[in-house]
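Each chain, written out:
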Amino acid sequence: MGMTNRIVCTNVNDLVPGMIVAENIVTNNSILVSKGVEITDGIIRKLKRVYFQSTLPIYDLNDNKEDTRKSDKKTIEEVQSSVKRFSQNIENMFQHIKCDGRANMNEIRNFSKKIMNELDSPSTIVKNIVLEGSGEDCIFKHSVNVAALSLLLGKWICYDKIKLNLLVYSAILHDFGKSKIDNSILNKPTRLTEREREEIRKHPVIAYNLVKNMTLLNSSVGYGILMHHERLDGSGYPLGLKGDRINEFAKIIAIADTFDALNSDRIYRKKADPFSALEIIQRNSLGKLDYNYSKIFIEHIINYYIGERVLLNNDCICKIIHIDINNLSCPLLLSNDNFIDLKEHRNLRVTSLVID
């Protein structure tokens, strides 16, 4: 095999015996498979256990073949269209609730079913949120994104269908209370006063009071809404609860809420870069966000970063090859046929995701 063979990024599920590893495949700073090794059935089984859905560097033994990784730009556009439509739906639903003074359980149930059916593509959901989050819409689009992310995390935690339904109900309504807060406070571009902060902090209680007396609705839905801003160290609100006193739905929604907010341009700040958002969740898992749920979230999310193109701060566009969960902001990248390990280039960083 000559070095003229082109390096391609092959999904671990597409590996077949006889392929050649183009660069050392590492995990936790240890070489799992060395460069130049021929792929066997045993190696494939080992890689699938470790890398799940990752994309790996493999020599293309036929230079006339193109990288068959399918572009899902159209799918991204379809998801964005669905999110836009659902955002309008949830705005209308919140308006009905405000006018009637109560929630229509059938409307919530049907809306939840639509989200679960139409926003069931993890790769595209994650990509869409990393690309643009919910922008300056901190209520309606944000609620759709949080519901979709909560659904994904609930599945990764292995919730059954009943618990998933209840979790999505809670996530859909988690920020209903914001719709009853003055827009001048919600959209204020400068630092909030103490009185304004206290006003914002009422929104979980407002939404909880809406659903707490709904018949035939599991109490966990209301508690998930009420407690989604609580933090394990007691620094959250509105009750200052700690540890296991916080409802499990609230712990899930807190992670989804944080991830979407970090990936969104707000009127008072710019969005974080994709890896900073993950690092903040990882850092907050040590005392604020639930550690186990955060770990599951990050371990799964990074699988959908693998193989994506990113822009560096030097304007170079690269493809993500590997992410070290212990050093999230320094992935291994591929630029043309050259590997760039950001652990060795501390002056470089990922600024954004790039879509063809």
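It should be noted that the structure appears before, not after, this text.
The structure reproduced in this document is the subject of the present report. The model shown is predicted, which means the values in this text are computed figures rather than measured ones.

### Looking at the nonpolar core
Right, on to step 1. Within the largest apolar cluster, 87 residues are counted, with the highest numbers of intra-cluster contacts made by F94, L119, I172, F259, F297 and Y305.
Right, on to step 2. In terms of residue count, helix α5 (residues 140-156) provides more of this core than any other element does, 10 residues in total.
Right, on to step 3. In this structure, V21, V33, I43 and L47 belong to the second largest nonpolar core, which totals 8 residues.

### What about empty space enclosed by the protein?
One way to see where empty space is left: roll a probe the size of a water molecule over the atoms.
Right, on to step 1. If you walk through the whole model with that rule in mind, you get 2 cavities of 30 Å³ or more.
Right, on to step 2. Of the pockets and cavities examined, the second largest cavity occupies roughly 30 Å³.
Right, on to step 3. Forming the walls of the second largest cavity are E230, R231, L232, I246, A250, K251, A254, K288, L289 and D290.
Right, on to step 4. Within the lining of the second largest cavity, the residues separate by chemical class into 5 nonpolar, no polar and 5 charged.

### Thoughts on the sheet that holds strand β6 (residues 309-312)
Right, on to step 1. Taken together, the 5 strands give an open sheet; going across it, the order is β9-β8-β7-β6-β10, and neighbouring strands pair in antiparallel fashion. The open sheet terminates on both sides in strands that have one partner only, identified here as β9 (338-341) and β10 (350-354). Direction aside, the axes of adjacent strands within the sheet are offset by 40° on average.
Right, on to step 2. Pairing analysis gives 3 bridges linking β6 to strand β7 (residues 317-322), with the strands arranged antiparallel. Note that in β7 the partner of V310 across the bridge is C318.
Right, on to step 3. Across the sheet, helix α12 (residues 274-284) touches β7 and β10, and the angle it forms with β10 is around 110°.

### Thoughts on the pairing of β7
Right, on to step 1. Taking burial as the measure, the 6 residues of β7 include 5 buried ones, the bulk of the element.
Right, on to step 2. Remark: 4 residues form the turn of the hairpin made by β6 and β7, two consecutive strands paired antiparallel; D315 in that turn has positive phi of roughly 75°.
Right, on to step 3. With 3 bridges connecting them, β7 and strand β8 (residues 332-335) associate as antiparallel partners. From the neighbouring strand, I320 faces β8, where its bridge partner is L333.

### Section: the packing of helix α3 (residues 105-118) against helix α6 (residues 161-173)
Right, on to step 1. At a closest axis distance of 10 Å, the pairing of α3 and α6 adopts a crossing angle of 105°. Regarding the angle of α3 to α6, the classification is roughly perpendicular. Contacts between α3 and α6 involve M105, I108, R109, F111, S112, I115 and M116 from the former and L164, N165, V168, Y169, I172 and L173 from the latter.
Right, on to step 2. Its residues placed into classes, the contact of α3 with α6 shows 10 nonpolar, 2 polar and 1 charged.

### Notes on the environment of G154
Right, on to step 1. Here G154 is to be found in helix α5.
Right, on to step 2. Measuring from C-alpha to C-alpha, the distance between G154 and V168 comes to 9.0 Å, with 14 residues separating the pair along the chain.
Right, on to step 3. With sequence-adjacent residues up to four places away left out, G154 is seen in contact with Y159, L164 and L167.

### So, the pattern of salt bridges
Right, on to step 1. One pass over the full model with this rule turns up 13 salt bridges.
Right, on to step 2. The salt bridge partner of K188 is E196, with a shortest N-O separation of 2.8 Å.
Right, on to step 3. Taking relative accessible area as the criterion, K188 reaches 18% and is therefore assigned buried.
Right, on to step 4. Taken together, the shared-partner salt bridges connect D244, K251 and D290 into one network.

### Here's the deal with the layout of surface pockets
Right, on to step 1. In this structure, the largest pocket spans a volume of roughly 1000 Å³.
Right, on to step 2. Lining the largest pocket are 31 residues; nearest its centre among them are K178, I200, H229, Y237 and Y268.
Right, on to step 3. Among the elements that take part in the lining of the largest pocket, helix α11 (residues 248-262) stands out by supplying 4 residues, more than any other.
Right, on to step 4. Here the residues of the lining of the largest pocket are counted per class, giving 11 nonpolar, 9 polar and 11 charged.

### Remarks on unusual backbone geometry
Right, on to step 1. Cis peptide bonds are those with omega within 30 degrees of zero, and the linkage from Y237 to P238 qualifies with 10°.
Right, on to step 2. One can find P238 in the loop between α10 (219-226) and α11.
Right, on to step 3. Positive phi outside glycine occurs at D315, with the angle close to 75°.
Right, on to step 4. Tracing the backbone through its elements, the reader meets D315 in the loop between β6 and β7.
Right, on to step 5. On the accessibility criterion, D315 (64% relative accessible area) is exposed.

### Let's talk about α5
Right, on to step 1. The end-to-end C-alpha separation of α5 is 25 Å, in line with the 24 Å expected for 17 residues at 1.5 Å each.
Right, on to step 2. A large share of α5 lies buried, amounting to 16 of its 17 residues.
Right, on to step 3. The first or second residue beyond α5 is C158, which carries a positive phi of 80°.

Conventions and cut-offs
- Residues numbered from 1 in each chain as written.
- Predicted model: local features only at pLDDT ≥ 70, side-chain atom pairs only at ≥ 80, totals over all residues.
- Heavy atoms only, no water.
- Core = buried A, V, L, I, M, F, W, Y, C linked by side-chain atoms within 4.5 Å.
- Buried < 20%, exposed > 50% of the residue type's maximum accessible area, 1.4 Å probe, protein only.
- Helix = DSSP H or I, 4+ residues; strand = E, 2+ residues; numbered from the N terminus.
- 1 Å grid on protein atoms, 1.4 Å probe; cavity = no way out; pocket = protein on both sides within 12 Å on 5 of 7 lines; lining within 4 Å.
- Points joined across faces, edges and corners; volume = space filled by probe spheres on them.
- Nonpolar A, V, L, I, M, F, W, Y, C, P; charged D, E, K, R; others polar.
- Pairing = 2+ DSSP bridges.
- Axes fitted to C-alpha atoms, helices over the stretch in contact; angles between N-to-C directions.
- Contact = heavy atoms within 4.5 Å.
- Parallel < 35°, antiparallel > 145°, perpendicular 65-115°, else oblique.
- Salt bridge = Lys/Arg side-chain N within 4 Å of Asp/Glu carboxyl O.
- Expected span 1.5 Å × (residues − 1).

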